[in-house]
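# Summary of structural features
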Amino acid sequence: MRAPGTELPICLSDVTVETHGVTILDRITLALGSGPPTVLIGPNGSGKTTLLRIAMGLILPSAGTVTWGGRESVAPVRRAIVFQHPVMLRRTAAENLRYALKVSGRLPRKMYDSRIAELLSLVGLSEFGDRPARTMSGGEKRRLALARALAGDPAVLFLDEPSASLDPAAAKVVEDVIRTVAARNIKVVMSTHDLGSARRLAGDIIFMHRGRVVETGAASTFFNEPHSDEAKIFIRGDLLV
Amino acid sequence: MEPTVSAFQLLLAGDPALLAVVRLSLIVSMSAVGVATLIGVPVGASLALTHFPGRTVVVVVFNALMGLPPVVAGLAVFLLLSRSGPLGSLGLLFTPPAMVCAQVVLVTPIIAALTRQTIEDLWEEYCDELTAMNVGMVRRVGTLIWDGRFSLITIVLAGFGRAAAEVGAIIIVGGNIEGFTRTMTTAIALETSKGDLPLAIGLGVILIAIVVLVNALAWTVGRAAQRYAG
């Protein structure tokens, strides 16, 4: 078990993001603390990915503040993100992980090989170490990206639609890895518009619509007793416009 | 056909004069491309990843210098290396190193400008991942150069093509001295002016054959490596 480090809580205070006059996030205030996975749900275009990027520190808000462990400017040393379409370096799967280990600098070089084997095993890619990463399938790439994100020993792991476009078997592998990661006291914050995935993985839910946080709370409460009309419509599976 | 066959017969027979010309051509061009690569790739990659006032002007200048007339480059290097020039004391004028200098001036902008474009495109793809991994500037440049290596090989080959085919600059700073600074291109120019067209044509064919061979080798090695790296 690890200490979550100084990254948590991640606090967004009145955060607004605007691009070319369009408001992507609208005065978001929330706190992400340690605990079970927090899942951002909402229809496409609701601002989930942008919220993940803001919380990761990849983009700056147009207004408002973001703090990590109470500090405004913290390099993403203990934070990692897996994008919906991860980009693999032009190397083998094992070399992609070696690169991440080198960048993080958290492990002595002599331990790289064993750590790479451990990470590949965690995501079910033990046999794929020598495979050129860019020739792997979408699901394999997603799992390799998960392993690469974990190479830096993060305290917080952001996942953008981790099981989108995957077949059920591949989605199950990814969800199993997420459970394993969460059990190791790594804070998982993920976005999805797949309600089934959210039900299976979420401890807390942040429900978004049109760039605003509409509802937050424990997953069981959200799914059984949603407060807002938007959440009720979304859970029913009706189109939320 | 006959002059070409004669030229290859001279080459295969190990004609010392012809071999010396071919060897010097390769040494000068490859040295120039080597130096230009060492300068141009890091400069181009850094230019791709940095933003500073006047960057656009620098990019435009590098792009424009890709079309630098060889005689102008030769003249500039001549003035630098001539006895009364700022580097005259080095005594390099009319020596192979002077020819290398002239070709470096010609090839470096090509490699730098094309590298800048290649790395910029690659950075667009890698930006999120490398930023999320908190990769520092120096490692970013190294990573992008390494991952763009197959495109960069093509760029270096373009530079080699320019250097190997070049005559204007090296004839000014080299002087086309037989047995000392005579290369294939300057020999072709000389033999053509003397009216010895068969030898000029033969040398031209050999020059083209060498350029094709170097490109074919680089392409084969590049493809094999690319298949491994994905």
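Residues numbered from 1 in each chain as written. Chains lettered and ligands numbered in written order. Predicted model: local features only at pLDDT ≥ 70, side-chain atom pairs only at ≥ 80, totals over all residues. Heavy atoms only, no water.

A word on the sheet that holds strand S4 (residues 63-68) of chain A. All names here are of chain A. Read across the sheet, 3 strands follow the order S2-S1-S4 without closing on themselves; strand pairing throughout is antiparallel. Edge positions in the open sheet fall to strand S2 (22-32) and S4, since each of these has one partner strand only. Adjacent strand axes in the sheet meet at a mean angle of 20° when their direction is disregarded. Inspection of the sheet shows strand S1 (residues 10-19) paired to S4 by 5 bridges, in the antiparallel sense. Note that in S4 the partner of Leu12 across the bridge is Val66. Contacts from helix H1 (residues 48-56) reach S1, S2 and S4, with the element oriented near 55° to S2. (Pairing = 2+ DSSP bridges. Helix = DSSP H or I, 4+ residues; strand = E, 2+ residues; numbered from the N terminus. Axes fitted to C-alpha atoms, helices over the stretch in contact; angles between N-to-C directions. Contact = heavy atoms within 4.5 Å.)

To continue, consider the packing of helix H4 (residues 70-81) of chain B against helix H5 (residues 96-132) of chain B. Two packed helices can be described by the angle between their axes and the distance between those axes. Residues and elements named next belong to chain B. Between H4 and H5, whose axes approach to 9 Å, the crossing angle comes to 130°. Comparing the axis directions of H4 and H5 gives the class oblique. With respect to the hand of their crossing, H4 and H5 are arranged in right-handed fashion. Across the interface between the two elements, Pro70, Ala73, Val77 and Leu81 from H4 touch Ala98, Cys101, Ala102, Val105 and Leu106 from H5. Counted by class, the contact of H4 with H5 contains 9 nonpolar, no polar and no charged residues. (Parallel < 35°, antiparallel > 145°, perpendicular 65-115°, else oblique. Left-handed = near helix turned anticlockwise from the far one by under 90°. Nonpolar A, V, L, I, M, F, W, Y, C, P; charged D, E, K, R; others polar.)

Quick look at the interface of chain A and chain B now. Interfaces are often described in size by the accessible area the parts lose on coming together. Every contact between the two is made by 24 residues of chain A and, on the other side, 20 residues of chain B. In total, about 1900 Å² of surface goes out of reach between chain A and chain B, with carbon and sulfur atoms giving 54% of it. Measuring nitrogen to oxygen at the nearest pair gives 3.9 Å for the salt bridge that ties Glu125(B) to Arg90(A). At the boundary of chain A and chain B, one finds 8 residue pairs in polar contact (both at pLDDT 80 or more). Broken down by secondary-structure element, the contributors of at least two residues to the side of chain A that touches chain B are H1, strand S5 (79-82) and helix H2 (93-104) of chain A. When residues of the side of chain A that touches chain B are assigned to their parent elements, the largest contribution, 4 residues, is made by H2(A). (Buried area = accessible area lost by both parts, 1.4 Å probe. Salt bridge = Lys/Arg side-chain N within 4 Å of Asp/Glu carboxyl O. Polar contact = N/O pair within 3.5 Å; in protein donor to acceptor, adjacent residues only side chain to side chain.)

Residue and element names in this part refer to chain A. Tallied over the entire structure, the rule returns 21 salt bridges over all chains. The salt bridge involving Arg79 is made with Glu7; its shortest N-O contact spans 2.6 Å. With Arg79 in strand S5 and Glu7 in the segment before S1, the pair connects residues that are 72 residues apart, well separated along the chain. The burial state of Arg79 is the same as that of Glu7; both residues are buried. The residue Glu95 makes a salt bridge to Arg98 at a minimum N-O spacing of 3.2 Å. On the criterion of helical spacing, the pair formed by Glu95 and Arg98 is a turn pair, its members being 3 residues apart in helix H2. Among the charged side chains, a network of salt bridges with common partners joins Lys172, Glu175, Asp176, Arg179 and Arg200. (Buried < 20%, exposed > 50% of the residue type's maximum accessible area, 1.4 Å probe, protein only.)

The next thing to look at is the environment of Gln103(B). Residues and elements named next belong to chain B. Relative to the elements of secondary structure, Gln103 occurs in helix H5. Since its relative accessible area comes to 1%, Gln103 is described here as buried. Distance from Gln103 to Gly74, taken between C-alpha atoms, is 8.3 Å for residues 29 residues apart in sequence. For Gln103, the residues in contact, after removing those within four places along its chain, are Val28, Ser29, Ala32, Ala163, Glu166 and Ile170.

Moving on: the pairing of S1(A). Residues and elements named next belong to chain A. In the sheet, S1 pairs with S2 via 7 bridges, with the strands oriented antiparallel. Its bridge partner being in S2, Leu12 is matched across the sheet by Leu30. Linking S1 to S2, which pair antiparallel, is a turn of 2 residues; within it His20 sits at a positive phi near 50°.

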